[in-house]
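What the coordinates show
If you want the building blocks of each chain, they are given just below.
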Amino acid sequence: MIQGSVPTSTGTVREKLNKSSGIKGEREEGRHFFCLLSLHSFRVTLKASCPMDLRLYPMDVQHCPLIIESYGYDMNNIAYKWEIDSEDGMSFVPSDMKMLPQFKLTKLQLSSLYTTYVIGNWSGVKASFTLQRLYSYQVIHLYGPSALIVTLSWLTFLLPRNQSPARVTLGVTSVLTIVTILTMSNNAMPKVNYVKAIDKYLIVSFLFVFCSLVEYAIVLLLDRGKRKFELRKKEVGNFTDKCAESVRQDNGSRRRKQPVVTLEGNVIHAFRNGRAKSASLTNGKCLKCCSDENLGMHVPQTETQSNCGKCWNGVQEYIYREAFIVGVDEFSLKLFSFVFFTFNLFYWLTLFFFPDYIM
């Protein structure tokens, strides 16, 4: 609805308007004035931009305002208003236009504006569109494949640890697939300086598949340590047998009572006639041996092993067992599945019911 006043000094125009439209004119100081009330109906196509906050993408709701205001005429010349007095404008929108490819129009609020500038007051109208994003595409093409890739990476826990090509290939492929999905998601979105909700999910998925690869590296380290530990125990056993044989030879020649030789970890204990002497080994090898006249045996000339060393030997005995190494894969499978399920439960509940906590 546009309402305005136009001055004229032609009486003929005034008379024609009076006859055709019934508008009465007035005379003032030789000039004629009349009030012109006209209706204009035309279609305008606008391409407007909307500032969006994508922190909750793809479960975000956007509020897009559209303001129409005159550029050259103030409210004394042009006054804008909506045809209806109601603020709900959903009745104007056809039902087939409420569903867009990526959004759903949930609310349309109409209002009038009166803006004050330095040169005068301007009239305008405002339409506020509330758009809710349809997230089925992201669930099918981003969330679903990411969850499946994470689950697929857990198959490495079921493969034997000696199947290195299979486990490494599966782990690396899972990592690269998650990186590809993350890159594809960011390429389709504006470059923003904050982390979106879908980015958090994909980053956590990347950490899961990366940790499964790291877990296999830990298993390989334990397996290699187990082989070294068994080799060292074998060398220590050979050294103990050699020392015992040397003692028996000395006892045969000197006719002394044969001492008792025992082994605790890397420490060799020799007992003879109530006297004892201990010596520690380094990497299962005797650094320097000497003949002890009192004990009648050869022992390394090293210091007694500390308590920390004894504790470390106990830890090695525990972690380098076959059952422990196999149990690492079994425990990792249970731990990863439980943590990932808990993360998904927390993520989706927070995203739907407490979106402010995930921003």
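What you see is a predicted model, and the numbers here were worked out from it, not measured in a lab.

1. Quick look at helix α6 (residues 322-353)
- Here α6 spans 47 Å end to end across 32 residues, near enough to the 46 Å set by a 1.5 Å rise per residue.
- Here α6 has its buried residues at Ile 325, Val 328, Asp 329, Ser 332, Phe 336, Phe 340, Phe 343, Asn 344, Tyr 347, Thr 350 and Leu 351.

2. Quick word on the state of the cysteines
- For the structure shown, the criterion picks out 1 disulfide.
- Shown here is the disulfide that connects Cys 50 with Cys 64, its sulfur atoms set 1.9 Å apart. Between Cys 50 and Cys 64 the disulfide shows an S-S torsion of about -85°. By sign, it is left-handed. Within this pair, whereas Cys 50 is found in the loop between β3 (31-38) and β4 (61-69), its partner Cys 64 is found in strand β4, the two being separated by 14 residues in sequence.
- For Cys 64, a relative accessible area of 10% puts it in the buried group.

3. Concerning the environment of Val 175
- For Val 175, the location among the structural elements is in helix α3 (residues 164-187).
- Considered as a pair, Val 175 and Phe 206 are 31 residues apart in the sequence and their alpha carbons are 6.3 Å apart.
- Those residues in contact with Val 175 that lie beyond four places of it in its chain are Phe 206, Val 209 and Phe 210.

4. Notes on the pairing of strand β5 (residues 103-117)
- Relative to strand β6 (residues 120-133), β5 runs antiparallel, the two being bridged by 14 bridges. Opposite Phe 103, over in β6, you have Arg 133 as the bridge partner.

5. Digging into the sheet that holds β5
- Spatial strand order, β4-β6-β5: 3 strands in an open sheet with antiparallel pairing. Where the open sheet ends on each side, the last strands, each with one partner, are β4 and β5. Averaged over all neighbouring strand pairs, the angle between strand axes comes to 20°, with direction disregarded.
- The pairing of β4 with β6 spans 9 bridges and is classified as antiparallel. Considered in β6, the bridge of His 63 is made with Thr 130.

6. A short note on the nonpolar core
- Judged by nonpolar contacts, the single largest core of 28 residues is most densely connected at Tyr 201, Phe 340, Tyr 347 and Leu 351.
- For this core, the elements supplying multiple residues, two or more each, are α2 (136-153), α3, α4 (197-254) and α6.
- The biggest single contributor to this core is α4, with 6 residues.

7. As for the confidence of the model for the chain
- Across the chain, the average pLDDT comes to 76, with 68% of residues at or above 70.
- When the criterion is pLDDT under 50, residues 255-267 qualifies, and its contacts beyond four places in sequence or with other chains add up to 44 contacts.
- Here residues 270-305 is modelled with pLDDT under 50, and outside its nearest four sequence neighbours on either side it reaches 87 contacts, counting other chains as well.

8. Section: the UniProt feature "transmembrane region" (unreviewed entry) in the chain
- UniProt annotation of "transmembrane region" (unreviewed entry) refers to residues 140-159, 168-189, 201-222 and 335-354 when read in the numbering used here.
- Between the C-alpha atoms that bound residues 140-159 there is a distance of 29 Å. The span itself is 70% helix and 0% strand.
- End-to-end, the C-alpha atoms of residues 201-222 are 32 Å apart, and along that stretch the chain is 100% helix and 0% strand.

9. Brief notes about the layout of surface pockets
- Approximately 250 Å³ is the volume attributed to the second largest pocket.
- Lining the second largest pocket are 13 residues, and of these Tyr 57, Gln 102, Tyr 137, Gln 138 and Ala 188 sit closest to its centre.
- If you list the elements that add at least two residues to the lining of the second largest pocket, you get α2 and α3.
- Top contributing element to the lining of the second largest pocket by residue count: α2, with 4 residues.
- Looking at the lining of the second largest pocket residue by residue, the classes come out as 8 nonpolar, 4 polar and 1 charged.
- Among the domains, domain 1 (54-133) and domain 2 (138-226 + 323-358) are the pair contributing at least three residues each to the lining of the second largest pocket.

10. Considerations on the pattern of salt bridges
- By the definition in use, this model includes 10 salt bridges.
- The salt bridge partner of Asp 223 is Arg 161, with a shortest N-O separation of 2.8 Å. Residue Asp 223 is found in helix α4, and its partner Arg 161 is found in the loop between α2 and α3; the two are separated by 62 residues along the sequence. An identical accessibility class is assigned to Asp 223 and Arg 161; each is buried.
- The closest approach of N and O atoms between Glu 230 and Lys 226, which form a salt bridge, is 3.0 Å. Of this pair, Glu 230 and Lys 226 both sit in helix α4, 4 residues apart, which is roughly one turn of that helix.
- Here the salt bridges share partners, and the residues they tie into one network are Arg 161, Asp 223, Lys 226, Arg 227, Glu 230 and Glu 322.

Conventions we followed
- Residues numbered from 1 in each chain as written.
- Predicted model: local features only at pLDDT ≥ 70, side-chain atom pairs only at ≥ 80, totals over all residues.
- Heavy atoms only, no water.
- Helix = DSSP H or I, 4+ residues; strand = E, 2+ residues; numbered from the N terminus.
- Expected span 1.5 Å × (residues − 1).
- Buried < 20%, exposed > 50% of the residue type's maximum accessible area, 1.4 Å probe, protein only.
- Disulfide = S-S within 2.5 Å.
- Contact = heavy atoms within 4.5 Å.
- Pairing = 2+ DSSP bridges.
- Axes fitted to C-alpha atoms, helices over the stretch in contact; angles between N-to-C directions.
- Core = buried A, V, L, I, M, F, W, Y, C linked by side-chain atoms within 4.5 Å.
- pLDDT = per-residue confidence, 0-100.
- UniProt positions renumbered as here; feature names shortened; annotations may be inferred.
- 1 Å grid on protein atoms, 1.4 Å probe; cavity = no way out; pocket = protein on both sides within 12 Å on 5 of 7 lines; lining within 4 Å.
- Points joined across faces, edges and corners; volume = space filled by probe spheres on them.
- Nonpolar A, V, L, I, M, F, W, Y, C, P; charged D, E, K, R; others polar.
- Domains from an automatic or database assignment.
- Salt bridge = Lys/Arg side-chain N within 4 Å of Asp/Glu carboxyl O.

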